[in-house]
Amino acid sequence: ETERDKHKVVTDMVHSIRIPTYSTTTNNTTATPTTEPGRICLQILHTGRYAYHPFAVSASNTKSPISPFKAKELSTSDVKSTIRDFAHCASLAKEAGYDGVEIMGSEGYLINQFLVSKTNQRTDEYGGSDNFGNRMRLAVEIVKETRKACGLDFIVIFRLSMLDLVKDGSSWEEIKVLAQAMEDAGVTIINTGIGWHEARIPTIATSVPRGAFSFVTKKLRDEKIVSVPLCATNRINAPSTVESILANGSADLISMARPFLADPDIVKKSREGRDQEINTCIACNQACLDHAFIGKTASCLVNPRACNETEIMIEPDSVSSDNKLNIGVVGSGPAGMAFTHTAATIGHHVTLFDKSDEIGGQFNMAKRVPGKEEFHETIRYFTVQLEKLRKEGKLDMQLGTEMSYSEMERRSGGDAVDRKIDTWIIATGVEPRVPDIPGLDHPNVLSYIDVLRNKAKVGHKVAVIGAGGIGFDVSEYLLHHDDVDDHDKKADEVDVDEFLENWGVDKNKSVMAGLLPEEDIQMTKPHREIVLMQRKKGKLGAGLGKTTGWIHRSTLLRSKQVEMIAEVSYDKIDANGHLHITIGKGDKKSTRVLEVDNIVLCAGQISKRVLEEAAVDSGGDLASKVFTIGGAYEAGELDAKRAIDMGTRLALRIKDDDVVPGKHAFQAGVGAEEKLYDTMMKLMR
């Protein structure tokens, strides 16, 4: 009852919201909108062999390639008990005020594990390699029992895996049979599931084009074998994509999740014609899924308020008049944009300086990398928001202005000609670390900034020094970038068919699980040959995102034009611009000369703290008024998640008495689940 009452807080709030609904009259004009109460469904999910603990269970004794634990086969009585558990959970959901449930039958979770012979080697009534009727029995009985327990006035959604993308997954004929069985069992809606979590094809990451998998929902819809509404999903993050999918008949409904973390008002803004004000989900996974899989509270890189609403409260004009500050922000990268937006919104006056003539900082380089086209949207969002604040008189923007310490002193002094600055925020970011390699001054040597920002011409054979996030980004850019066509694509311009062909997805669904044979995959021809290197031992890209790192590695390796080398010492660059390296150490070391056209340095970054250091060295009052954030505070990998979060949190507390330089970095606390995960990982090691 305690858990139920906690849920009722959520369901009651949803029901209190009135949702505008529109209908079309007989002469195709839109009638006056009416309103309906909000509806909410609870997703019921059993992870099966994806459970990250030693007590995992599944259809058979199998081990997932993404879990360290082998699952135990459920007995027949355990299966029947699990069916009752699903129905009981749905009943509790109804008591808690939910209007329905979604039964997760896809993404490789327990029900999906029963559906395919790959993971179901049972010989009882719930298995059989040649008996799909038995393998789908669990799914059918769960839906039937749920409908029986909750009545006809309860929404039952079944998320059906229409494209497994794993070897020995479901055939299209099996998917059609299951869809019909789900309708017969009493589902209200069929949602689309795409890919198992262990599939080696990206399905939700930013490199996946918008709406790339809506074709499979359309294929089932065009079969006309079920009458219940079909819902499209995966990488649908913009109203224009939603409208396109609905208009071309691909689906009856649209499912979105992460876009609501990025902007909970996405539907409202779209309805009001304010699409440009939407904070678009960039599908990076860095603060949502990457957090969830290590026990951290899920949030959002572009919106750190997500799931932190009670501690990050941004109320417009909430700062009292006697607490208002005139704040100077130097740098308009992710940290600077976030701080400026939040501080000006709550009532401080901000003057934003940047030596560039555009805001965005390092995002202006990231957006050029294939697969990161969505970064355009974050810059667009902040551009629109800051312009609104400027028009409201809360913000002055001085782009194309390089700030010096002497100018900071002048603007902070009592005789300042301009608005006197009370507090300074230094968000100047990072600069490339320059490794100590003889011959580094050769004209063939470029930095990642030369390549991504300054658009330097790069030859056919390239050595990339450094295999962190920037090294992988630069390699992917060089692999696919055509010097002839220098156009930076936006997200809507990415070719869906090219993506599907490159990853071997059968759009016609003529093969099992939608996977084309390796020999039939047609990859886009790479533009360059690349050698990607790192000093340390071990797998390249080991520090990349938990749910996306494999995609970056796979993209480069599948091109067959990228060689990855670890444990490299960079000996010298000779007069021809060739790189001499030593691989390994001791008796196993070897030497090579890389005869390349260009060498690109991606050897890390260092914080740009000149202004902060000048303030400290001066010993004056200004030192207590200078706060450094983002990459200027901590370089590491370029971490936009940390930068935006830090800028947002500091803006809310900048007037607090206990906030002083050096004690101004705030972050979400560590929860019980994260502590448990860390303890489990230590025990496993």
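I will try to describe carefully the structure that is included in this document. (Residues numbered from 1 in each chain as written. Predicted model: local features only at pLDDT ≥ 70, side-chain atom pairs only at ≥ 80, totals over all residues. Heavy atoms only, no water.)

So, about the packing of helix H12 (residues 334–346) against helix H21 (residues 640–653). The interhelical angle for the contact between H12 and H21, taken along N-to-C directions, is 25 degrees, at an axis separation of 7 Å. Overall, the two elements H12 and H21 adopt an arrangement that is roughly parallel. Crossing handedness for the pair H12 and H21: right-handed. Residues Pro 334, Ala 335, Ala 338, Phe 339, Thr 342, Ala 343 and Ile 346 of H12 form the contact with H21, whose own contacting residues are Ala 640, Ala 643, Ile 644, Gly 647, Thr 648, Leu 650, Ala 651 and Leu 652. Of the residues belonging to the contact of H12 with H21, the class tally is 12 nonpolar, 3 polar and no charged. (Axes fitted to C-alpha atoms, helices over the stretch in contact; angles between N-to-C directions. Helix = DSSP H or I, 4+ residues; strand = E, 2+ residues; numbered from the N terminus. Parallel < 35°, antiparallel > 145°, perpendicular 65-115°, else oblique. Left-handed = near helix turned anticlockwise from the far one by under 90°. Contact = heavy atoms within 4.5 Å. Nonpolar A, V, L, I, M, F, W, Y, C, P; charged D, E, K, R; others polar.)

Helix length check: H21, at 14 residues, gives a terminal C-alpha distance of 20 Å against a target of 20 Å (1.5 Å per residue), a fit within 8%. Counting buried positions over the 14 residues of H21 gives 10, a clear majority of the element. If you check which residues of H21 are buried, you get Ala 640, Ala 643, Ile 644, Asp 645, Met 646, Gly 647, Thr 648, Arg 649, Leu 650 and Ala 651. In this structure, the buried side of H21 is in contact with H12, helix H13 (363–366), strand E14 (423–426) and strand E25 (626–628). (Expected span 1.5 Å × (residues − 1). Buried < 20%, exposed > 50% of the residue type's maximum accessible area, 1.4 Å probe, protein only.)

What follows deals with helix H6 (residues 172–185). For H6, which comprises 14 residues, the first-to-last C-alpha distance of 20 Å matches the rise-based estimate of 20 Å (1.5 Å per residue) to within 8%. Looking only at H6, the buried set comprises Trp 172, Glu 174, Ile 175, Lys 176, Leu 178, Ala 179, Ala 181, Met 182 and Ala 185. On its buried face, H6 is in contact with helix H3 (110–115), helix H4 (132–135), helix H5 (137–150), strand E7 (155–163), strand E8 (189–194) and helix H7 (214–223). Where H6 ends, the next residue or the one after it, Gly 186, has phi of about 115 degrees, a positive value.

Next up on the list: the pairing of E7. Extensive coverage of E7 is indicated by the burial of 8 of its 9 residues. As paired strands, strand E6 (residues 100–105) and E7 are joined by 6 bridges and run parallel to one another. Following the sheet pairing, Gly 100 is matched in E7 by Ile 155. For E7 and E8, the ladder comprises 6 bridges, and the chain directions are parallel. Pairing of Phe 158 across the sheet is with Ile 190, part of E8. Of the crossover connections in this fold, the one passing from E7 over H6 to the parallel E8 is right-handed. (Pairing = 2+ DSSP bridges. Right-handed = clockwise from strand over helix to strand, strands pointing away.)

Turning next to empty space enclosed by the protein. Tallied over the entire structure, the rule returns 2 cavities of 30 Å³ or more. Of the voids in this model, the largest cavity is the one considered here, and its volume is about 80 Å³. Lining the largest cavity are 13 residues, and of these Cys 281, Cys 284, Cys 288, Cys 300 and Leu 301 sit closest to its centre. Taken together, the residues of the lining of the largest cavity sort by class into 10 nonpolar, 2 polar and 1 charged. If you trace the second largest cavity, you find it lined by Thr 206, Ser 207, Val 208, Pro 209, Arg 210, Arg 235, Glu 373, Glu 374, Ala 491 and Val 494. Residue composition of the lining of the second largest cavity, grouped by class: 4 nonpolar, 2 polar and 4 charged. (1 Å grid on protein atoms, 1.4 Å probe; cavity = no way out; pocket = protein on both sides within 12 Å on 5 of 7 lines; lining within 4 Å. Points joined across faces, edges and corners; volume = space filled by probe spheres on them.)

Given two aromatic rings, their pairing is described by the distance between the two centres and the angle made by the two planes. Evaluation of the coordinates by the stated rule reveals 9 aromatic pairs. Judged by centre distance (4.7 Å) and plane angle (55 degrees), the rings of Phe 363 and Phe 375 are tilted. A residue pair is termed long-range when its members are at least 10 positions apart, and Phe 363 in helix H13 and Phe 375 in helix H14 (residues 375–391) qualify at 12 residues. Both residues of the pair, Phe 363 and Phe 375, belong to the buried class. Members of the aromatic cluster, joined through ring pairs, are Tyr 52, Phe 69 and Tyr 677. Above the face of the Trp 503 ring, Arg 558 is positioned so that its terminal group lies 4.4 Å from the ring centre. Above the ring of Phe 666, the side-chain terminus of Arg 653 is found at 4.0 Å from the ring centroid. (Phe/Tyr/Trp six-rings, centres within 6.5 Å; stacked < 30°, edge-to-face > 60°. Lys NZ or Arg CZ within 6 Å of the ring centre and 35° of its normal.)

By themselves, these are just geometric observations and shouldn't be taken as functional.
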